[in-house]
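# Overview (structure and organization)
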Amino acid sequence: MAVHRRTLLTGAAALPFARPGPGAQAQEARPAHDAPLAPGAALETVRLWPDRPPGGGGPSPDGPRFDESREGVITAVAEPCLMVMRPARPNGTAMLIAAGGGYRRIDIGHEAVPVAQWLTSLGVTAFVLVYRLPGEGWGAGADAPLQDVQRALRLVRARARRYGYEPGRVGVIGFSAGGHLMGCASVRFGARLYEPVDEDDALSARPDAAALIYPVITLRPPFDRTSSRRVLVGESPTRFATNSYSVEMHVRAQSPPTFLAQAADDPVAVVDNCLLMYGALRAADVPVEMHLFEKGGHGFNLGVPGSPAAAWPGLFATWARRRGLIRA
């Protein structure tokens, strides 16, 4: 059952980047009954675009911002936005998080919100990205989510002082299709995908670091059997289309330092995705660290306690501290 998120919010969440007290989360009005809220329902919400997103189209703007199930699965995104989770003691770092779902849905309940909670325990200010889904009628098509992540990075950087982190310590983390999206953000940050809408768009959309966890990287055969490929470029795409949205094809020396983690038995985004990205980053002399786990499958999120894949959060934290992204 979906929990509709209305366009009009109450309290601090009604104002873009309104600032609650330290460690607090802005809340919408709760329903009168005692049914459990969806994972994102109580979080401060920030709209990405002052008007309709570039290219128009999409679900009706007169309805809810998006639909979120009680398990935290988001669809029908009419208004892309950020959900903010603030640490009690900010350490100067912000991370933008994109959950997966094959570009057909966004599973924030399983991936983004738990990871955001973990990051805030480290002092990181976390922003969960609710991005447009290309199959929901957006005029920008496959570029719609990448427009959203570029805009989100600029907004996060513009509000650094207000939220208590440094504009030069803004990283991204993505899972599955969200890993593809954050991979695209890392290698195509200079692409002009929309006309500037305000002064914030003068800021850089380049992440300072990227973590891609069981990511979809390539849409090229023989590794093209993913929902992401079907949604973004169709059932019978041209070579130009598949190359355009295959992350490894756009890596360059200016790409940010990257952390990769994946299970070797992943049946969805097969392990070759990380191997291709690792090779492309090494060839471009971009700092990269990769961890492949024997077991874990797909969608392991923070990892089942005691499983090999459960090691990745600690490995990432160590890597991020070593690179100066996260301070002790």
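Quantities reported herein were computed from a predicted structural model and do not represent experimental measurements. (Residues numbered from 1 in each chain as written. Predicted model: local features only at pLDDT ≥ 70, side-chain atom pairs only at ≥ 80, totals over all residues. Heavy atoms only, no water.)

## Some points on the environment of P256
Structurally, the position occupied by P256 is in the loop between α6 (239–244) and β11 (258–263). On the basis of relative accessible area, P256 is assigned to the buried category, the value being 1%. Discounting chain neighbours no more than four positions away, the residues touching P256 are S186, R206, P207, D208, A209, A210 and V286. (Helix = DSSP H or I, 4+ residues; strand = E, 2+ residues; numbered from the N terminus. Buried < 20%, exposed > 50% of the residue type's maximum accessible area, 1.4 Å probe, protein only. Contact = heavy atoms within 4.5 Å.)

## Overview of the pairing of strand β6 (residues 92–98)
For β6, the tally of buried residues reaches seven of seven residues, placing the bulk of the element in the interior. Across six bridges, the pairing between β6 and strand β9 (residues 165–175) is parallel. Looking at the pairing, M95 lines up with G171 of β9. Where β6 and strand β8 (residues 125–130) come together, four bridges link them in parallel fashion. Opposite I97, over in β8, you have V128 as the bridge partner. (Pairing = 2+ DSSP bridges.)

## Thoughts on helix α4 (residues 177–187)
Here α4 lies mainly inside the structure; 11 of its 11 residues are buried. Listed in full, the buried residues belonging to α4 are A177, G178, G179, H180, L181, M182, G183, C184, A185, S186 and V187.

## With respect to the packing of aromatic side chains
For the structure on display, the rule yields 13 aromatic pairs. Taking the centre distance of 5.7 Å and the plane angle of 55 degrees together, the rings of F175 and Y214 count as tilted. Placement of F175 in strand β9 and of Y214 in the loop between β10 (209–213) and α5 (227–233) is noted, with a sequence separation of 39 residues between them. The exposure classification of F175 matches that of Y214, with both residues buried. Among the aromatic side chains, those forming a connected cluster through ring pairs are W118, F175, Y214, F259, F300, W312, F316 and W319. (Phe/Tyr/Trp six-rings, centres within 6.5 Å; stacked < 30°, edge-to-face > 60°.)

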